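Working through the structure, step by step
Residues per chain are reported as follows:
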Amino acid sequence: MKGLVLSGGTGTRLRPFTYSMPKQLMPVANKPVLHYCLENLRDLGVTSVGIIVGERGGQVEQAIGDGADLGLEITYLFQEAPLGLAHCVTVAEQFLADDDFVMYLGDNMLIGDLAGAARDFTERRPAAKVLVTKVDDPQHYGVAELDSEGRVVSLAEKPEQPRSDLAMMGVYFFSPAIHEAVRRVRPSARGELEITDAVQHLLDSGQDVTAEIYQGYWADTGGVKALLECNRVVLDGLVDDVRGRVDQSSVVKGPVAVGAGSEIVASHLEGPLTIGAGCVIRHARIGPHTAVGQNCLIENTDVQESIVLENVQVEGVRGVRDSVIGKGARVQGIARDVESQCLLLGDQTSIQVRSA
């Protein structure tokens, strides 16, 4: 079985961060979301993966490389415009050839067992198998209606009146039959070739399509709120790993990871918390549920429940919470006590924060 990971798209819900980077490279616990996707595929026994990329494909390739570090062989496949998930299958047709494959949205985070679903697909040999999960707002997703035996009865893309609360969550197991189905698809009202329509064609032509309700953790990290929540969930599994230097005047509570070459001076660290390599944390209070990227300087600052990307400097700012601070940002403030303030700053931003 091969893997097909979708890493194109514009990521409008994650602006301003996606003005300068693909949404799939946004970090969760100091690791790109796309990295977690690839690890999950590797754990299924997949070794050959195609990654669909768009105009920022060079950034993806620079971040992921050839896949050797993950035990994968990665092929990059260029999509000239975000024309839909079914179009991605068309772009990858030569790479996929006649192999079964699992298609995986590169901005999805899954924590839990996928091996059972893969094994069931291999043993039962349906034309397609989709993973679904119950959601409160199914009108915003592709929705699957199932019978009592878990077979798909009908599908609809973002229906106004959903016939179930089961959303397709972005992991699909396909046989080569999907290629003919994709060729039958016509653009939807939003101008895209919908994978939902392709799977519906399989159903209409009498082929077997099954579904499985996923029992693990799933998040679409396409928005800031979801990204921060996902960061919290992943950090809850953190174990202690302090490789940098923590001075005697600092306090460390809970599971904390500190990268090599980092210096913690007169600071309070509360886990779960991860700090990348080469950072300086001085007279600061960091955590819980915070990820600080490498080569950051945080001084006279309080940060919690936040994501700080690499090469950031934050000095004299209190009460930073539920924030995402982009690469290379510079934040200066007057260190007055405030209950809470949220900062959403794109890469290379420079601001001064003055508390009332």
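Here the structure is shown first, and the text comes after it.
Residues numbered from 1 in each chain as written. Predicted model: local features only at pLDDT ≥ 70, side-chain atom pairs only at ≥ 80, totals over all residues. Heavy atoms only, no water.

Within the protein chain one finds eight helices and 32 strands. Against the globule reference of 21 Å for 356 residues, the protein chain gives a C-alpha radius of gyration of 22 Å, in line with a compact fold. In terms of overall dimensions, the protein chain has C-alpha extents of about 70 × 40 × 40 Å along its principal axes. A buried classification covers 54% of the 356 residues belonging to the protein chain. When the accessible surface of the protein chain is split by element, carbon and sulfur atoms take 44% of a total near 15700 Å². Here the protein chain carries 32 positive and 48 negative side-chain charges, and the mean point of each set is 4 Å from the other. (Helix = DSSP H or I, 4+ residues; strand = E, 2+ residues; numbered from the N terminus. Rg over C-alpha atoms; globule rule 2.2 N^0.38 Å. Buried < 20%, exposed > 50% of the residue type's maximum accessible area, 1.4 Å probe, protein only. Areas by Shrake-Rupley, 256 points an atom, 1.4 Å probe, with all protein chains shown as cover. Lys, Arg positive; Asp, Glu negative; His and termini not counted. Charge placed at Lys NZ, Arg CZ, Asp CG, Glu CD.)

Before going further, it helps to spend a moment on the packing of helix α6 (residues 177-184) against helix α7 (residues 195-204). α7 packs onto α6 with a crossing angle of 115 degrees between their chain directions and a minimal axis gap of 8 Å. The angle between α6 and α7 places the two elements in the roughly perpendicular class. Judged by the sense of rotation from one axis to the other, the crossing of α6 with α7 is right-handed. Of α7, the residues touching α6 (which contributes Ala177, Ile178, Ala181, Val182 and Arg184) are Ile195, Ala198, His201 and Leu202. Split by residue class, the contact of α6 with α7 holds seven nonpolar, one polar and one charged. (Axes fitted to C-alpha atoms, helices over the stretch in contact; angles between N-to-C directions. Parallel < 35°, antiparallel > 145°, perpendicular 65-115°, else oblique. Left-handed = near helix turned anticlockwise from the far one by under 90°. Contact = heavy atoms within 4.5 Å. Nonpolar A, V, L, I, M, F, W, Y, C, P; charged D, E, K, R; others polar.)

Inspection of the secondary structure assignment puts Asn30 in the loop between β2 (27-28) and β3 (31-32). Note: C-alpha distance between Asn30 and Glu310 (280 residues apart in sequence) is 9.0 Å. At 2.8 Å, the side chain of Asn30 forms a polar contact with the backbone oxygen of Val292. (Polar contact = N/O pair within 3.5 Å; in protein donor to acceptor, adjacent residues only side chain to side chain.)

A few words now on the sheet that holds strand β27 (residues 313-315). Taken in spatial order, the seven strands of this open sheet run β15-β18-β21-β24-β27-β30-β32, and their pairing is parallel. Of all strands in the sheet, those with a lone pairing partner are β15 (245-246) and β32 (350-353), marking the two edges. (Pairing = 2+ DSSP bridges.)

Within strand β1 (residues 2-7), six of the six residues are buried, which leaves the element mostly enclosed by the surrounding structure. Residues of β1 alternate between two faces, with Lys2, Leu4 and Leu6 on one and Gly3, Val5 and Ser7 on the opposite face, all of them buried. Where β1 meets strand β4 (residues 48-53), five bridges bridge the pair, whose relative direction is parallel. Looking at β4, one finds that Gly3 is bridged to Val49.

Right, let's talk about the nonpolar core for a bit. Counting 50 residues, the largest nonpolar core has Leu38 and Val49 as its most contacted members. Apart from residues no more than four positions distant in its own chain, Leu38 is found in contact with Val5, Val49, Ile51, Ile64, Leu70, Leu72 and Ile74. Counting 36 residues, the second largest nonpolar core, distinct from the first, contains Val89, Val130, Ile178 and Val209. (Core = buried A, V, L, I, M, F, W, Y, C linked by side-chain atoms within 4.5 Å.)

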